[in-house]
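# Descriptive structure summary
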Amino acid sequence: MNSPNMRFRIMAMVMVMIAAAGTASMSLDAMASPPAKQASAPGIPGIPGSARLDHVLLWAPDMDRATAVMTVKLGFQVHPGRDPAGIANRYVRMADRSFIELEALTRPNPDMDPGSRADQDLLHGGAGARTFGLGSNQLEQARDFLKGDGFAVTDIFSAPANDPDGQGPGHPPRWRLFAFTRQPLSSGLFFIYYSPPPTAADLVADDAASRVHPNTAQSLDGVWLLSADVEADRKQLAKMGFTHSSPVHLANIAARGYDIEAKGTHVFVLQPDGSGRAADAMASGGAQVLGVSVSVSNLARARRWVERGYEEKNLVGYRGPLGDSFLAPTYGDLGLWVEFHAASHSR
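Since we're looking at a predicted model, the values are computed, not measured.

What counts and what doesn't
Residues numbered from 1 in each chain as written. Predicted model: local features only at pLDDT ≥ 70, side-chain atom pairs only at ≥ 80, totals over all residues. Heavy atoms only, no water. Helix = DSSP H or I, 4+ residues; strand = E, 2+ residues; numbered from the N terminus. Buried < 20%, exposed > 50% of the residue type's maximum accessible area, 1.4 Å probe, protein only. Areas by Shrake-Rupley, 256 points an atom, 1.4 Å probe, with all protein chains shown as cover. Salt bridge = Lys/Arg side-chain N within 4 Å of Asp/Glu carboxyl O. Contact = heavy atoms within 4.5 Å. Pairing = 2+ DSSP bridges. Arc of directions from axis to C-beta.

### A short note on the overall build of the chain
- Each helix and strand counted, the chain has 9 helices and 16 strands in total.
- Scored against the burial criterion, the 347 residues of the chain give a buried share of 53%.
- About 14300 Å² of surface is accessible on the chain, with carbon and sulfur atoms providing 53% of the total.

Take a look at the structure:
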């Protein structure tokens, strides 16, 4: 198995079909005050609230076209993946080890597990994202915490012994994960842990080179979940231990909801705020991973690249929840908005 999504597929073979129903200036006006912040449960270092954003699974109708968008129009480096059973993947890997995974069907009637088929049934062959992963260094404790709190978690699944990207016999599996037989959010969610990477000098150098991008991307700092019920999603995340939330208004996509902190990264749970981009996306595709926020070390360079790539002049910048930002016009190409913001902290 070659990817975190393949991990998700292994898990999905024993899951029930997931019904996955489905930034501009921050504004606190016209938004109900959030509940008082609660302290995370003490003495349990592995609670899910200690996890952070790891990656997003992004489907594309055509892998080469999606790769061209990511590279030529947006200035990312795309790393090759594999193509098992008619579902190919490629990676946009960040310096902090977060990433975006591109996926595409490569032949008619591929071997699709229930999770992949559920995504495709929702996307109708189009582009977009419905699932994201959170990384945890205490996977067993996180699972036990969630199970004890009533969440329908799966068993923990590991990379197979013949994982082509693993380190071979005698080494721990490259990854381990669990998800849910009943998804707790309006978008699909799973938790994942990675074993330490190889230490051979050539492999370390290759890995570092794969994380350098012409647009100066550094990290995947935020995921935007478009939800029909932001209060329900906020409460579910708080129950998981993600208790630090602030109201947020994203005027450039006409959405409002909550910015929920996940160990220095951000899960934005959003709903349409009148007519606009969020309402259009909800009407056409239902609940979804609507966008991502990517930090860059040189915001001006990233903006120049995207303006050239899309042949658009003067993309409007703004002060968003994560700082100085601009929104790339990617939704028509990817079914996902990509926001770039100036890196202001190390993860």
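### Quick look at unusual backbone geometry
- A positive phi is found at alanine 85, a non-glycine position, where the angle reads about 60 degrees.
- Mapping alanine 85 onto the fold places it in the loop between strand E2 (79-80) and strand E3 (87-93).
- A residue is classified by how much of its surface remains accessible, and alanine 85, at 33% relative accessible area, is partly exposed.
- In this structure, alanine 254 is a non-glycine residue whose phi angle is positive, near 55 degrees.
- Among the secondary structure elements, alanine 254 is positioned in the loop between strand E10 (245-250) and strand E11 (255-262).

### A word on the pattern of salt bridges
- Applying the stated criterion to the full structure yields 14 salt bridges.
- The partner of arginine 211 in a salt bridge is aspartate 207, and the shortest N-O contact between them spans 3.0 Å.
- With a shortest N-O distance of 3.2 Å, arginine 256 and aspartate 273 are connected by a salt bridge. Linking arginine 256 in strand E11 with aspartate 273 in the loop between strand E12 (265-272) and helix H7 (277-285), this pair joins segments that are 17 residues apart in sequence.
- Take aspartate 273: its relative accessible area is 29%, and that puts it in the partly exposed class.
- A single salt-bridge network, built from bridges that share partners, covers Arg65, Lys73 and Asp333.

### Observations concerning the environment of alanine 255
- You can see alanine 255 is positioned in strand E11.
- Sequence-wise, alanine 255 and proline 272 are 17 residues apart; in three dimensions their C-alpha atoms are separated by 4.5 Å.
- Dropping the residues within four chain positions of it, alanine 255 is found in contact with Val248, His249, Leu250, Leu270, Gln271, Pro272, Asp273 and Ala278.

### Observations regarding the pairing of strand E15 (residues 323-328)
- Among the 6 residues in E15, 5 count as buried, and that is most of the element.
- Sheet topology note: the strand E14 (residues 317-320)/E15 ladder contains 4 bridges and is antiparallel. Pairing of glycine 317 across the sheet is with phenylalanine 326, part of E15.
- Both E15 and strand E16 (residues 337-342) contribute to a ladder of 4 bridges, which runs antiparallel.

### Quick notes on helix H4 (residues 139-148)
- All of the buried residues along H4 are Leu139, Ala142, Arg143, Phe145 and Leu146. For H4, the buried positions fall inside an angular range of 160 degrees around the axis, keeping them on one side. Relative to its buried face, H4 has exposed residues pointing more than 90 degrees away, namely Lys147 and Gly148.
- Summarising the contacts, the buried residues of H4 are in contact with strand E7 (175-178), strand E8 (188-194) and helix H6 (230-240).
- Positive phi appears at glycine 150, one or two residues downstream of H4, with a value of about 95 degrees.

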